[in-house]
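# Chains, contacts and geometry: an overview
In case you want the letters, here they are:
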Amino acid sequence: MKATYAKDETGILEISLSGDLSISNVEELRKILDLRISNSEAIRIILHDIEQIDLLCLQLLIVAERHSKRIGKTVEFTSNLDEENTDLLEKSGLNTVFE
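Residues numbered from 1 in each chain as written. Predicted model: local features only at pLDDT ≥ 70, side-chain atom pairs only at ≥ 80, totals over all residues. Heavy atoms only, no water.

### Quick notes on the nonpolar core
If you look at the biggest cluster of nonpolar residues, it comprises 23 residues, and the most contacted ones within it are Leu17, Leu21, Leu29, Leu33, Ile45, Leu47 and Leu61. Only strand S2 (13-21), helix H1 (26-38), strand S3 (42-53), helix H2 (55-70) and strand S4 (74-80) provide two or more residues apiece to this core. (Core = buried A, V, L, I, M, F, W, Y, C linked by side-chain atoms within 4.5 Å. Buried < 20%, exposed > 50% of the residue type's maximum accessible area, 1.4 Å probe, protein only. Helix = DSSP H or I, 4+ residues; strand = E, 2+ residues; numbered from the N terminus.)

Structure below.
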């Protein structure tokens, strides 16, 4: 998994995630999300060039979004997934989060 960070022109922190988003990287992803959410008011999580993504990482992203809302912060998602990963989202019912 690769994660990069940058603020856009409006001050939103963009977290760009690529590579392997599977159970082997879930703890690293959790730490990244916890740290960045606690230090930013608005976050955009961008998923691109994803080699693999599993339900555990998808659930972690959704938990992070819900937690952020509870503490008054904004999280939005942008994704550019291949057909296989898009199918996973649709079958899991999580595709509406990433539209």
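Picking up after the structure, the text goes on.
### Details of the environment of aspartate 34
Within the element layout of this structure, aspartate 34 appears in helix H1. Look at aspartate 34 and you get partly exposed, because its relative accessible area is 41%. In this structure, the C-alpha to C-alpha distance between aspartate 34 and alanine 64, residues 30 residues apart in sequence, is 7.7 Å.

### Re the pattern of salt bridges
Think of it this way: side chains of opposite charge can pair up when their charged atoms draw near. This structure, assessed with the given rule, holds six salt bridges. With its nearest N and O atoms 2.6 Å apart, the salt bridge here joins glutamate 14 to arginine 44. With glutamate 14 in strand S2 and arginine 44 in strand S3, this residue pair connects regions lying 30 residues apart in the sequence. A residue is classified by how much of its surface remains accessible, and arginine 44, at 15% relative accessible area, is buried. Ionic pairing is found between arginine 44 and glutamate 76, a salt bridge with its closest N-O pair at 2.6 Å. Residue arginine 44 is found in strand S3, and its partner glutamate 76 is found in strand S4; the two are separated by 32 residues along the sequence. Given a relative accessible area of 33%, glutamate 76 falls into the partly exposed group. Each of Asp8, Glu14, Arg44 and Glu76 takes part in a single network of salt bridges with overlapping partners. (Salt bridge = Lys/Arg side-chain N within 4 Å of Asp/Glu carboxyl O.)

### A look at the environment of threonine 78
On the secondary structure map, threonine 78 appears in strand S4. Sequence spacing of threonine 78 and glutamate 14 is 64 residues, and the spatial spacing of their C-alpha atoms is 9.9 Å. With residues up to four places along the chain from it excluded, the contact list for threonine 78 reads Arg44, Ile45, Ile46 and Leu47. (Contact = heavy atoms within 4.5 Å.)

### Remarks on the packing of H1 against H2
Between H1 and H2, the shortest axis-to-axis distance is 10 Å and the interhelical angle comes to 15°. With respect to their mutual orientation, H1 and H2 come out roughly parallel. Note on packing geometry: the crossing formed by H1 with H2 is right-handed. Along the contact surface, H1 presents Val26, Leu29, Arg30, Leu33 and Ile37, while H2 presents Leu56, Cys57, Leu60, Leu61, Ala64, His67 and Ser68. Class assignment for the residues of the contact of H1 with H2 results in nine nonpolar, two polar and one charged. (Axes fitted to C-alpha atoms, helices over the stretch in contact; angles between N-to-C directions. Parallel < 35°, antiparallel > 145°, perpendicular 65-115°, else oblique. Left-handed = near helix turned anticlockwise from the far one by under 90°. Nonpolar A, V, L, I, M, F, W, Y, C, P; charged D, E, K, R; others polar.)

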